[in-house]
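Okay, here's what each chain looks like letter by letter:
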Amino acid sequence: MKDAAPMHPSAEEEEEEEERLAVEEGLLTEQQLGLRQVEERLHRDHIHRLLKPSPEYPNYHYLCKVCSVHVENVNGAYKHIKEKRHKKNMMEKQEEAELRALPPPSAAQLRALDSAVLQTASQQGISDEDLEVRKGVVTRMEEIIKRQLSGLDSAP
């Protein structure tokens, strides 16, 4: 019987383990633990703590990666999350992710779509006769406009 390959924890699992050990050892204060939990909540809404201050916004500590908005503090981040534009951008991001996760259409689906488009075009589209009539109208209008414009050029 073969031994299973050792499982290597992911970076996230390692971080969680370090946090658990730090809490057990009393290295994290309640305030630090609370801030970490708040930042995890903000992370779910795509608001991340800046690793270094932005030159444009030196007093801002967070960045909404969905809206590209700098946020000064946790309270500002929660206010931003409640804004219509953030909610709209989050919904669009979720819809985009869902659409990207869809499998490509099958050959049968493509044939059905092609058939539906061709049928609609034949029922609702312009006939060859109508197209010729419209081209004739365009030609006559061009002639009238050219005559009017050439009449203006020769006017005293």
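Now for a look at the structure at hand.

Calculation criteria
- Residues numbered from 1 in each chain as written.
- Predicted model: local features only at pLDDT ≥ 70, side-chain atom pairs only at ≥ 80, totals over all residues.
- Heavy atoms only, no water.
- Salt bridge = Lys/Arg side-chain N within 4 Å of Asp/Glu carboxyl O.
- Helix = DSSP H or I, 4+ residues; strand = E, 2+ residues; numbered from the N terminus.
- Buried < 20%, exposed > 50% of the residue type's maximum accessible area, 1.4 Å probe, protein only.
- Contact = heavy atoms within 4.5 Å.
- Pairing = 2+ DSSP bridges.
- Axes fitted to C-alpha atoms, helices over the stretch in contact; angles between N-to-C directions.
- Disulfide = S-S within 2.5 Å.
- Phe/Tyr/Trp six-rings, centres within 6.5 Å; stacked < 30°, edge-to-face > 60°.

Some remarks on the pattern of salt bridges
For the structure shown, the criterion picks out six salt bridges. Of the charged contacts, one joins Glu92 and Lys88 as a salt bridge, the two residues approaching to 3.1 Å between their closest N and O atoms. One end of the pair, Glu92, and the other, Lys88, are both in helix H4 (residues 84-101), four residues apart, so they sit about a helical turn from each other. The exposure class assigned to Glu92 is partly exposed, which follows from its relative accessible area of 39%. The partner of Lys135 in a salt bridge is Glu132, and the shortest N-O contact between them spans 4.0 Å. Residue Lys135 and its partner Glu132 are both found in helix H6 (residues 128-154); the two are separated by three residues, about one turn of the helix. A residue is classified by how much of its surface remains accessible, and Lys135, at 45% relative accessible area, is partly exposed.

Section: the environment of Ser68
Position of Ser68 relative to the elements: it lies in the loop between strand E2 (62-64) and strand E3 (69-71). Distance from Ser68 to Ile47, taken between C-alpha atoms, is 9.4 Å for residues 21 residues apart in sequence.

Let's talk about the side chain of His48
Turning to its location among the elements, His48 is positioned in strand E1 (residues 47-49). On the accessibility criterion, His48 (17% relative accessible area) is buried. Those residues in contact with His48 that lie beyond four places of it in its chain are His43, His61, Tyr62, Leu63 and Lys65.

Quick look at the sheet that holds E2
Sheet strands pair by backbone hydrogen bonding; their relative direction is either parallel or antiparallel. Spatially, E1-E2-E3 is the arrangement adopted by the three strands of the open sheet, whose pairing is antiparallel. In this open sheet, the two strands that pair with only one neighbour each are E1 and E3. Pairwise comparison of adjacent strand axes, ignoring direction, gives a mean angle of 30° for this sheet. Examined bridge by bridge, E1 and E2 share three bridges and lie antiparallel to one another.

Some remarks on the state of the cysteines
On inspection of all chains with the given rule, the structure shows zero disulfides. Summary of cysteine pairing: Cys64 is not part of a disulfide, and the nearest cysteine sulfur, belonging to Cys67, is at 3.7 Å. For Cys64, a relative accessible area of 0% corresponds to the buried category. With a relative accessible area of 15%, Cys67 lands in the buried category.

Some details on the packing of aromatic side chains
All chains considered together, the criterion is met by one aromatic pair. Each ring, one from Tyr57 and one from Tyr60, has its centre 5.5 Å from the other, and the planes form 65°; the classification is edge-to-face. Judged by relative accessible area, Tyr57 falls into the partly exposed class, the value being 34%. In this structure Tyr60 comes out as partly exposed when scored by relative accessible area, which is 29%.

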